[in-house]
Amino acid sequence: MQLDERDVFGKSSGKKPAKKIPPQRKNFIPEVQEVSLPPVSKNSALPKNKASIKISFDKANVLGLLDKIFDWSFYALIFLLPLYFSPFIQDTIEFAKQQMLFAGVFWLTVISLARAIISEKIQFKGSLVMIGLIAILLTTFVSSITSVYPYSSFFGVDRHHAMSFATLASLAIFAILATHTLTAKHLLRAWYLLLGSFVIGTILTLLQLLGVFLLPWQFAKSAAFTPFGIHDLWGVALSFGVITSVSLLLRLSLGEDRYKQPISIALAATVGLFLICLIILDDWRLWLMVIVGLVTTLCLLFWRLPQDKKIVWLVLPSFIIVLAATMMVVHPQRLISLPVSAQPTLKTSALIAWDSLKSAPLFGYGPGSFFAAYSQHKPGEINKANIFNLWSARFEQS
């Protein structure tokens, strides 16, 4: 029913009601005016926003974290490598140390590469030492290729891992990373850690010789066991420790250090301990090594020290040189007996080395191949000897 339009008095007008036009919807979207900006050239400097500043700070933090990881990994490898052995493999000492060296150098290399990628910088410090090191590596590489046992020369086999090319290359990479990454302060700490490792290994070896076995494994319950591998290598560590301790002691005495007195006492005690152990070993080759190292130290000190300090600081190395020369002639009675070890004499080793050079004059028999040279060039007198069946023995080192 459609109602018509009525007037105010209720009467119908007869007109149809007009259609109501709906109101138009209002547009609530604001109008956008186009603004033309001037073109930006490539060389114009853009203002730095907060995001770019945050990224730069994160990059610095990552580099600092990588530096700390590298430092502590380097310190751990320096300290643990002389002491490390594994009771879970057959070659408990030499092969275990080689595997630890491989793992440690690989880890340090990965950290160094990550740092170089983030910092976008790679540096190499060329020096005569680095050139000589690279020359030795190349010569050893070629000698390993032409070796009578190439696999043994490259990677080492049973008790021949220390002289392999892989071990030498790992040590070379380790030295390059240390000299290119660490500062003089970090390297000084590394020397102290290495001496501390030598002291712990020396104390453990002395306890083994005295019959005090602290390690629970059966292979370690012997006087012949030492974390250095054999007692000859222990003697090399002792000689090197004496030279290093004296050098650090003189350096510390000439400078100003916060902990000068306690470190000096510790270094002096280390020198005394190592000298007592060298007297126990009674090997003229070790004393000769000490003399050569300390004479080199004396020459450097005489060249660098002021005139008024030369006489005072040359007393300690001179005294040890005189002691070493005396011990090369005098052989005191040993207070501690050492395990018996059979090895060729120096004369026999020299003859075998000379015959090997004549048969292979360019590169020899290769690293870690002395057992092959001994089997081929051992003197005829050994075949006639019946002591310990030396005629059938094969020595692996000279």
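None of the values given here were measured: they were computed from a predicted structure.

Chemist: Before we move on, can you summarise helix H11 (residues 315-329) with the specific residues and values?
Modeler: Here H11 is 15 residues long and its end C-alpha atoms lie 22 Å apart, about the 21 Å a rise of 1.5 Å per residue gives. For H11, the complete set of buried residues consists of Pro-317, Ile-320, Ile-321, Ala-324 and Met-327. One side of H11 carries all its buried residues, which in axial view fall inside an arc of 130°. In H11, the exposed positions angled more than 90 degrees off the buried face are occupied by Val-315, Phe-319, Val-322 and Val-329.

Chemist: Describe in detail the environment of Ile-243, supporting the description with residues and values.
Modeler: Tracing the sequence through the fold places Ile-243 in helix H7 (residues 231-254). Along the backbone, Ile-243 and Ile-320 are 77 residues apart, and their C-alpha atoms lie at a distance of 9.7 Å. Aside from chain neighbours lying at most four places away, what touches Ile-243 is Met-289, Val-290, Gly-293, Leu-294 and Thr-297.

Chemist: For the packing of helix H6 (residues 184-209) against helix H8 (residues 260-281), give the residues involved together with the corresponding values.
Modeler: Between H6 and H8, the least distance of the axes is 11 Å, while the angle of their chain directions is 40°. By the angle between their directions, the pair H6 and H8 is classed as oblique. As for the relative orientation of H6 and H8, their crossing is left-handed in sense. In this structure, H6 uses Tyr-192, Leu-195, Phe-198, Val-199, Thr-202, Ile-203 and Leu-206 to contact H8, whose residues at the interface are Ile-263, Leu-267, Thr-270, Leu-273, Phe-274, Cys-277 and Ile-280. Here the residues of the contact of H6 with H8 sort into twelve nonpolar, two polar and no charged.

Chemist: So what's going on with the environment of Ser-86? Residues and values would help.
Modeler: Mapped onto the secondary structure, Ser-86 falls in the loop between helix H1 (50-80) and helix H2 (94-119). C-alpha separation for the pair Ser-86 and Ala-96, spaced ten residues apart in sequence, amounts to 5.8 Å. For Ser-86, the residues in contact, after removing those within four places along its chain, are Thr-92 and Ala-96.

Chemist: Tell me about the side chain of Asp-282, residues and numbers included.
Modeler: Considering the arrangement of structural elements, one finds Asp-282 in the loop between H8 and helix H9 (284-304). Within the structure, Asp-282 has its side chain in polar contact with the side chain of His-331 (distance 3.1 Å). Excluding its chain neighbours within four sequence positions, the residues that come into contact with Asp-282 are Met-327, Val-330, His-331, Pro-332 and Arg-334.

Chemist: Kindly report on H2, identifying the contributing residues and their values.
Modeler: The periodicity of an α-helix, 3.6 residues per turn, causes residues three or four positions apart to be oriented the same way. Between its first and last C-alpha atoms H2 spans 37 Å; for 26 residues at 1.5 Å apiece the expected length is 38 Å, and the two agree. Looking only at H2, the buried set comprises Ala-96, Lys-97, Gln-98, Met-100, Leu-101, Gly-104, Val-105, Leu-108, Ile-111, Ser-112, Ala-116 and Ser-119. Residue Glu-120 follows H2 closely and has a positive phi angle near 55°.

Chemist: Explain unusual backbone geometry to me, using residue names and the numbers behind them.
Modeler: In this structure, Glu-120 is a non-glycine residue whose phi angle is positive, near 55°. Positionally, Glu-120 belongs in the loop between H2 and helix H3 (128-145). Here the phi dihedral of Asp-282 falls at roughly 55°; this positive angle occurs in a residue that is not glycine. Classification of Asp-282 by relative accessible area gives buried; the value is 18%.

Chemist: Which residues make up the pattern of salt bridges, and what are the values?
Modeler: Following the criterion strictly, the structure yields two salt bridges and no others. Between Asp-67 and Arg-115 there is a salt bridge, with the nearest N and O atoms lying 2.5 Å from each other. Note that Asp-67 is positioned in helix H1 and Arg-115 in helix H2, a separation of 48 residues in sequence. Look at Arg-115 and you get partly exposed, because its relative accessible area is 31%.

Chemist: Go over a nonpolar patch on the surface, please, and point to the residues and values.
Modeler: Taken together, the side chains of Leu-65, Ile-69, Phe-106, Trp-107 and Val-110 define a hydrophobic patch exposed on the protein surface, amounting to about 500 Å² of accessible area. Broken down by secondary-structure element, the contributors of at least two residues to the nonpolar patch are H1 and H2. Among the elements that line the nonpolar patch, the one with the most residues is H2, at three residues. Considering the arrangement of structural elements, one finds Phe-106 in helix H2. A residue is classified by how much of its surface remains accessible, and Phe-106, at 60% relative accessible area, is exposed.

Chemist: Could you give me a rundown of the side chain of His-180, with the residues and numbers involved?
Modeler: Note on placement: His-180 falls in helix H5 (residues 165-181). In this structure the side chain of His-180 is engaged in a polar contact, spanning 2.8 Å, whose partner is the backbone oxygen of Ile-176. Beyond its immediate stretch of four places on either side in the chain, His-180 contacts Gln-123, Phe-124, Lys-125 and Met-130.

Calculation notes
Residues numbered from 1 in each chain as written. Predicted model: local features only at pLDDT ≥ 70, side-chain atom pairs only at ≥ 80, totals over all residues. Heavy atoms only, no water. Helix = DSSP H or I, 4+ residues; strand = E, 2+ residues; numbered from the N terminus. Expected span 1.5 Å × (residues − 1). Buried < 20%, exposed > 50% of the residue type's maximum accessible area, 1.4 Å probe, protein only. Arc of directions from axis to C-beta. Contact = heavy atoms within 4.5 Å. Axes fitted to C-alpha atoms, helices over the stretch in contact; angles between N-to-C directions. Parallel < 35°, antiparallel > 145°, perpendicular 65-115°, else oblique. Left-handed = near helix turned anticlockwise from the far one by under 90°. Nonpolar A, V, L, I, M, F, W, Y, C, P; charged D, E, K, R; others polar. Polar contact = N/O pair within 3.5 Å; in protein donor to acceptor, adjacent residues only side chain to side chain. Salt bridge = Lys/Arg side-chain N within 4 Å of Asp/Glu carboxyl O. Patch = residues over 30% accessible without salt bridge, like charges linked within 9 Å, V, L, I, M, F, W, Y side chains within 5 Å. Areas by Shrake-Rupley, 256 points an atom, 1.4 Å probe, with all protein chains shown as cover.

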